[in-house]
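Structural characterization, general
For reference, the chains in residue letters:
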Amino acid sequence: MTAIDNGAREAVVPQSPPSQARENGVLPSRPLNVAEHRAYYGALPAADRLPLGELAARIGHAGVRGRGGAGFPLYRKIVSVSGAARARRLQPTIVANGCEGEPASHKDKHLLWLAPHLVLDGLVLLGRELRATRAILAIEADAPNGKGDLVRRVREAVSERDVRQDGVHIELVEVPGGFIAGESAALVSTLNGGPGLPTYTEHSVREHGVGGTPTLVQNVETVAQVALIARYGADWFRDYGTAAEPGPQLFTVYAGRRQPRVVHSAAGAPLWPLIADAEPIDAVLIGGYHGSWISAPLARKARLTEAELGVPLGAGLIAALPADRCGLTETAHIMRYLALESAGQCGPCLNGLPRIAAAMEQLADPHHAARYAGIVQNLQRWSGMVEGRGLCHHPDGSVRLVRSALTVFRTETAAHRAGVCTGGDRRPLLPAS
Amino acid sequence: MNASVLWYTSQATGIVSLVLYTMVMMLGIAVAGQGRLPGLPRFGTVALHRSISLLSIVFLAVHIATAILDSYVNISVLATFVPFASSYEPLWVGLGAVAVDLMIALVVTSLLRDRISPRIWRAVHWLAYAFWPIVIAHTIGLGSGSGGLISGWELWLTIACVLAVFAALGWRIAVQLERSRRTPAQVLQTMRSEVRA
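Residues numbered from 1 in each chain as written. Chains lettered and ligands numbered in written order. Predicted model: local features only at pLDDT ≥ 70, side-chain atom pairs only at ≥ 80, totals over all residues.

Along the backbone of chain A there are 21 helices and nine strands. Computed over the C-alpha atoms, the radius of gyration of chain A is 22 Å, within 12% of the 22 Å expected from 2.2 N^0.38 for a compact globule of 433 residues. With the principal axes as the frame, chain A shows a C-alpha extent of 70 × 45 × 45 Å. When the 433 residues of chain A are sorted by exposure, 54% land in the buried category. (Helix = DSSP H or I, 4+ residues; strand = E, 2+ residues; numbered from the N terminus. Rg over C-alpha atoms; globule rule 2.2 N^0.38 Å. Buried ≥ 20, exposed ≤ 12 C-beta atoms within 10 Å, placed from the backbone.)

Given below as structure tokens:
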């Protein structure tokens, strides 16, 4: 941060969070309409209270990273989108990405259900900052949500907005679901009326996105964080989490056989209390289906940081696998889903992932695993052959999961090779459809 | 130099060029279909396609130069580049001139491939599918050795060239159909049955 940025920050004193938001947490316990939203979080700072550049400076100081899984710094995206927009004299487009895609993850839907106006506020603020008059909120059509009709709820929230006051017109777009539909280039392709698959382009969506304009695609949780930073400031944001991974975060937690719950926490918090209900556990899946398994002993003592877990927090999935389940079966179940979700565009992904999935199924079945040698070596070899060779990171994330399974479930692998399975319950735990 | 030497050199290099361009076509089709030649790594197909097409320029140049220099029939320099400007067999020589022009376009765009848009290169490269039939027609019209319609072994050679390129095209279409049918679910099924077998 430069001296100029600091000067700008002093000019506008952030409000402190109203008592409700301070006491009850960043998310309310029930859905809020626009008036309740204002009472809960405080009013959205008016356009003249946040001079141009101030919000970006705060975001940079806060160190916000994308919460969709990849963890890319938001500030750098803003800089490159606004640079591209200036260079090409085009108005950029802002997209809040609510296509969670992953069947096990619920935090984005949870956020949109309880506080849709937080996401809409974030869109308005980013729109003002980047001088965009158009912003899009993309959500999954018929998104499965235990609580009710999410699309209708969000549509009502959008209709409650005052466009003249906001200065940014928000469009709600329903997008077909699917694991890779939320990948930014795939999402932009859908919004442009295309097939909704990851694309090869010489320019990223930051330069050529929706309608050819420079486009900022950001996960809805990240967009909501912008709305909070605009109100309470960067230092409030940095009070949460660790220096390396600051900010409040939402996690989807599976602990045992109960329904998943979305919890509000931050990096640096101990992991074990979140999953204690599931004890005894065998392992914990961290990040998402593109994430990694970690062993139970590590999960019991580690804090939620990338440094201690050895794996990134990704899209915030934390799934504890009870000791009576088989980690290899679970991984094979997820891997089959991931292979079938391949767009089938790139050879290594189209041919490699089903091959890896079939071998994983073979390894998960003790009868087969005992009969055929070399499954693990094949899995290792094929994983190396697909990594980094797709248009998107679908193959990379999928082999990350497989590799972590082969490391964490070493004893299970040895047992299966001997023809026995240590897990009693062979039903899959996590959803995969 | 004996006049007939020039004439027969022109005829012979023409036939060699036909064979080389047939090979270039087949290799190009193999590259587009991501095929692999036995004993060659995959990049070898591209390298061979490129090398043979550049080599064929030499034979084409000799073919054209001897045709101009030769006094048996009168073909002007202009007639080798401008289609249908020849007084001798305007149609068949004219087709040769069209082929020369297309050849220049193909080679120049390929040499400048790094500097032009891939779309332009691709569009121009599709002209190869026009270039090669024109070469065949030119050969049929003038390839007899005496300047008339093709006959004898030259005819059989030309037929063999046509069949070879058709075979390559057939392979390409079959591969493409097979690939477009392939989905992750289908690959997974195949893999599973391989595992169970």
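Having seen the model, we can carry on.
Looking now at unusual backbone geometry. A cis amide bond, omega 0°, links Glu279(A) with the succeeding residue Pro280(A). Inspection of the secondary structure puts Pro280(A) in the loop between helix 13 (272-275) and strand 7 (281-287). In the Ramachandran plot, Arg89(A) falls in the positive-phi region, its phi being about 50° despite a non-glycine side chain. Phi at Phe84(B) takes a positive value of approximately 65°, unusual for a residue other than glycine. The topology assignment puts Phe84(B) in the loop between helix 3 (77-81) and helix 4 (90-111).

Residue and element names in this part refer to chain A. Along its 14 residues, helix 7 (residues 116-129) runs 20 Å from first to last C-alpha, staying within 8% of the 20 Å computed at 1.5 Å per residue. Here helix 7 lies mainly inside the structure; 14 of its 14 residues are buried. Downstream of helix 7 by a residue or two, Arg131 has a phi angle that is positive, lying close to 55°. (Expected span 1.5 Å × (residues − 1).)

Where burial is concerned, most of strand 5 (residues 248-255) of chain A is hidden: eight out of the eight residues are buried. A two-sided burial pattern is seen for strand 5 of chain A, the buried positions comprising Pro248(A), Leu250(A), Thr252(A) and Tyr254(A) on one face and Gln249(A), Phe251(A), Val253(A) and Ala255(A) on the other.

In this section: the domain arrangement of chain A. All names here are of chain A. Split by domain assignment, chain A resolves into domain 1 (3-239), domain 2 (245-323) and domain 3 (327-433). With 12 residues of domain 2 in contact, the opposing surface of domain 3 contributes 14 residues. When residues of the side of domain 2 that touches domain 3 are traced back to their parent elements, those giving at least two are strand 7, strand 8 (292-295) and strand 9 (317-322). Top contributing element to the side of domain 2 that touches domain 3 by residue count: strand 8, with four residues. Across the side of domain 2 that touches domain 3, the residue classes tally to seven nonpolar, four polar and one charged. (Domains from an automatic or database assignment. Contact = placed C-beta atoms within 7 Å. Nonpolar A, V, L, I, M, F, W, Y, C, P; charged D, E, K, R; others polar.)

Turning our attention to the sheet that holds strand 3 (residues 169-175) of chain A. For sheets, the rule is that strands pair by backbone hydrogen bonds, running either parallel or antiparallel. All names here are of chain A. Reading across from one edge, 3-2-1-4 is the order of the four strands in this open sheet, with parallel pairing throughout. Among the strands making up the open sheet, the edge pair consists of strand 3 and strand 4 (215-219). Mean inter-strand twist for the sheet, computed between neighbouring axes without regard to direction, equals 20°. Pairing of strand 1 (residues 93-98) with strand 4, which is carried by five bridges, proceeds in the parallel orientation. What sits directly across from Ala96, in strand 4, is Gln218. Lying over the sheet, helix 7 contacts strand 1, strand 2 (134-140), strand 3 and strand 4, oriented at roughly 155° with respect to strand 1. (Pairing = 2+ DSSP bridges. Axes fitted to C-alpha atoms, helices over the stretch in contact; angles between N-to-C directions.)

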